[in-house]
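Chain by chain, the residues run as shown.
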Amino acid sequence: MSELGDLIRKMPKLEMHIHIEGTFDKKMVCRLAESQGIPLPKPEESLFSFNGLSDFLSMLDWNCSLVRDKETVRELARHFAEYASDEGIVYTEVIVNPSHWKNIGIGDLVGGLIEGFDEAQEKGLPDCRILVSLRREQELDSASKIVDWVLSNRHPRVVGLSIDGNEELSAVSNQKFAPLFAKCKAAGLGITVHAGESSGPEGVVEALDLLGADRIDHGVRSVESPELMRRLHDERIPLDVCFSSNILCDLYTPEAHPIKKLYDSGILVNASTDDPHLFQISLTDELERIALQFGFSIKDLLAMQYNALEAVFCDEGEKQAIRRKLDEFRNTIA
Ligand SMILES: [Zn+2]
C-alpha cells in the first residue's frame, strides 16, 4: 500500500452518503436466495456487474426482496457496521428507502436496523445513524405513511428524512412532497436530498427552497451555476459527493469530475461511496482514488472529514466526540 493509502486507512472517516441497499455482500445474497429456493438472476461471478442504471436498480430491488424478517435486517446492519469499522469509519448516516423492500414492512425494516446498529455499537463498532428515504416515483399516500411512521416512532438513531430516485421527476415530486419535508423539519429531523446528479443546478435550488434541504447528496452539477456555487458557499450547505458512483453511472469522465473545483471554491464537500458493495468500492479506496486523480493531500482529505462533520444530524455530544478523533489524527500529521 502507498504511504498515502496507509494514512487514509488510519484517518478517522465519516461516510455521509451511503444506501444500506447497496451494502449487501454477495455471500449473503447467495445464501438468502438458496435458502428460499430462488434462482440467481445472473451467474454468481457476475452477480454485481451491471449494464447501466436500470440493470443496477433492478438488482438492488432483487437483493432487497430476499429480506423477509427483522433478524436478516439486523444481520445486514451488523455486517455494515463491521465494514465501517474495517474502513476506519467513526460515524455514518445510512440511507434506507422502504420502497425498495417489497417483502418487509417499515417497522421491521427500520426496527431491525436500529437493533443491529445498537448491538454493533455496544461491541465497540462505529456509530451508525439512519436516514429514512422517500422515492421520487412514489405516490403521495405511501410517502405519507412512511413519514407518519417515522414521526410516531421517534428514535435517536433515526436522524433525518431523505429523497432519492429519478431526478427527471424533481419538479413534480418536490411540489408533491414539500409538506412532508416541512413536517419532518419542524419535528427536528435533518433533511438531505439527492439533487444535482441527473438534474441540473435547478434541482439543487429546489431542494433548498422547496424541501428545506440541510445538505445535498451529490449536488455536483451545482458547478454549472456560479450563482448557486456562491449560495452553497455562503450558506454553508454540505455536498455529499460520490466520485466513483458518478463515473460508473457515466455522469462524468474521471478528468472532468468537478469535485476539485467544488472543494477549491470552499464549499463543504465530503467524499462518500453511495453503494460500496454493489460498486465494489470502499471509502478508503474512494479517497485514494480522488487523491490520485486530483492531487488531494492527506490534509485535504482530512478537511473533507471536518466538512462532513458539519453535515451530520446527530447530537452535539457525539459531534464533539468525532471532532476529538479528527483533531487527534490532525496532530499526528502536522
Ligand atoms: Zn445516493
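Thresholds applied
- Residues numbered from 1 in each chain as written.
- Predicted model: local features only at pLDDT ≥ 70, side-chain atom pairs only at ≥ 80, totals over all residues.
- Heavy atoms only, no water.
- Donors = N, O, S within 2.8 Å, 3.2 Å for Na, K, Ca; no water.
- Tetrahedral: all angles 85-135°; square planar, octahedral: opposite > 155°, others 65-115°.
- Buried < 20%, exposed > 50% of the residue type's maximum accessible area, 1.4 Å probe, protein only.
- Core = buried A, V, L, I, M, F, W, Y, C linked by side-chain atoms within 4.5 Å.
- Helix = DSSP H or I, 4+ residues; strand = E, 2+ residues; numbered from the N terminus.
- Contact = heavy atoms within 4.5 Å.
- Expected span 1.5 Å × (residues − 1).
- Pairing = 2+ DSSP bridges.
- Axes fitted to C-alpha atoms, helices over the stretch in contact; angles between N-to-C directions.
- Salt bridge = Lys/Arg side-chain N within 4 Å of Asp/Glu carboxyl O.
- Phe/Tyr/Trp six-rings, centres within 6.5 Å; stacked < 30°, edge-to-face > 60°.
- Lys NZ or Arg CZ within 6 Å of the ring centre and 35° of its normal.
- Parallel < 35°, antiparallel > 145°, perpendicular 65-115°, else oblique.
- Left-handed = near helix turned anticlockwise from the far one by under 90°.
- Nonpolar A, V, L, I, M, F, W, Y, C, P; charged D, E, K, R; others polar.

A. Representation of the coordination of the zinc ion within the structure. All of the protein donors around the zinc ion are His 17 (NE2), His 19 (NE2), His 194 (NE2) and Asp 274 (OD); their distances to the metal are 2.1 to 2.2 Å. Each of the four donor atoms around the zinc ion contributes to a set of angles spanning 77 to 168 degrees, which defines the coordination as irregular. Linear spacing of the donor residues for the zinc ion on their chain is H-x1-H-x174-H-x79-D. What makes His 17 buried here is its relative accessible area of 0%.

B. Geometry of the nonpolar core. Trp 101, Leu 134 and Ile 290 are the most contacted members of the largest nonpolar core, which totals 109 residues. Among the elements that line this core, the one with the most residues is helix α14 (residues 298–311), at eight residues. Those residues in contact with Ile 290 that lie beyond four places of it in its chain are Phe 243, Ile 259, Ala 271, Gly 295, Phe 296, Leu 301 and Met 304.

C. How the structure looks around helix α7 (residues 170–186). Taking 1.5 Å per residue as the helical rise, α7 with its 17 residues ought to reach 24 Å, and the 22 Å between its terminal C-alpha atoms agrees with that figure. Residues Ser 170, Ser 173, Asn 174, Phe 177, Ala 178, Leu 180, Phe 181 and Cys 184 constitute the buried set of α7. Phi turns positive one or two residues past the end of α7, at Gly 188, with a value near 95 degrees.

D. Inspection of the sheet that holds strand β6 (residues 215–218) at higher detail. Across the sheet, eight strands lie side by side as β1-β2-β3-β4-β5-β6-β7-β8; this open sheet has parallel pairing. Since the sheet does not close on itself, it has two edges, and those belong to β1 (13–19) and β8 (269–271), each with one partner. Neighbour-to-neighbour, the strand axes of the sheet open up by a mean angle of 25 degrees, direction not taken into account. Where strand β3 (residues 127–135) meets strand β4 (residues 158–164), six bridges bridge the pair, whose relative direction is parallel. Bridge pairing in β4 links Leu 134 to Ile 163.

E. A look at the pairing of strand β2 (residues 89–96). By the criterion of burial, β2 is predominantly enclosed, with eight of the eight residues buried. Pairing of β1 with β2 involves five bridges; the strand directions are parallel. The residue bridging Lys 13 from the neighbouring strand is Ile 89, located in β2. Where β2 meets β3, six bridges bridge the pair, whose relative direction is parallel. When the bridges of β3 are listed, Thr 92 appears paired with Cys 128.

F. The pattern of salt bridges, seen in detail. In the structure shown here, the tally under the stated rule is 25 salt bridges. When salt bridges with common partners are traced through the structure, they connect Lys 70, Glu 71, Arg 74, Arg 78, Glu 115 and Glu 119 into a single cluster.

G. Focus on the packing of aromatic side chains. In the structure shown here, the tally under the stated rule is eight aromatic pairs. Consider the rings of Phe 24 and Trp 101, whose centres lie 5.9 Å apart with planes at 35 degrees: the pair is tilted. One end of the pair, Phe 24, is in the loop between β1 and α2 (26–35); the other, Trp 101, is in the loop between β2 and α5 (106–122), with 77 residues separating them in the sequence. Neither residue differs from the other here; Phe 24 and Trp 101 are each classed as buried. Look at Phe 243 and Phe 294: their rings are 5.8 Å apart centre to centre, the planes differ by 85 degrees, and that puts the pair in the edge-to-face class. Taken together, the residues Phe 243 in helix α10 (residues 243–248) and Phe 294 in helix α13 (residues 283–294) connect sequence positions 51 residues apart. The exposure class assigned to Phe 243 is buried, which follows from its relative accessible area of 3%. Taking NZ or CZ as reference, Arg 215 lies 4.5 Å from the ring centre of Phe 313, over its face.

H. Quick peek at the packing of α2 against helix α4 (residues 70–86). Running from amino to carboxyl end, α2 crosses α4 at an angle of 165 degrees, the nearest separation of the two axes being 12 Å. Accordingly, the angle class assigned to the pair α2 and α4 is roughly antiparallel. Regarding α2 and α4, the two cross each other, and that crossing is right-handed. Here Met 28, Arg 31 and Leu 32 of α2 lie close against α4, whose contacting residues are Thr 72, Glu 75, Leu 76 and His 79. Classifying every residue of the contact of α2 with α4 by side-chain character gives three nonpolar, two polar and two charged.

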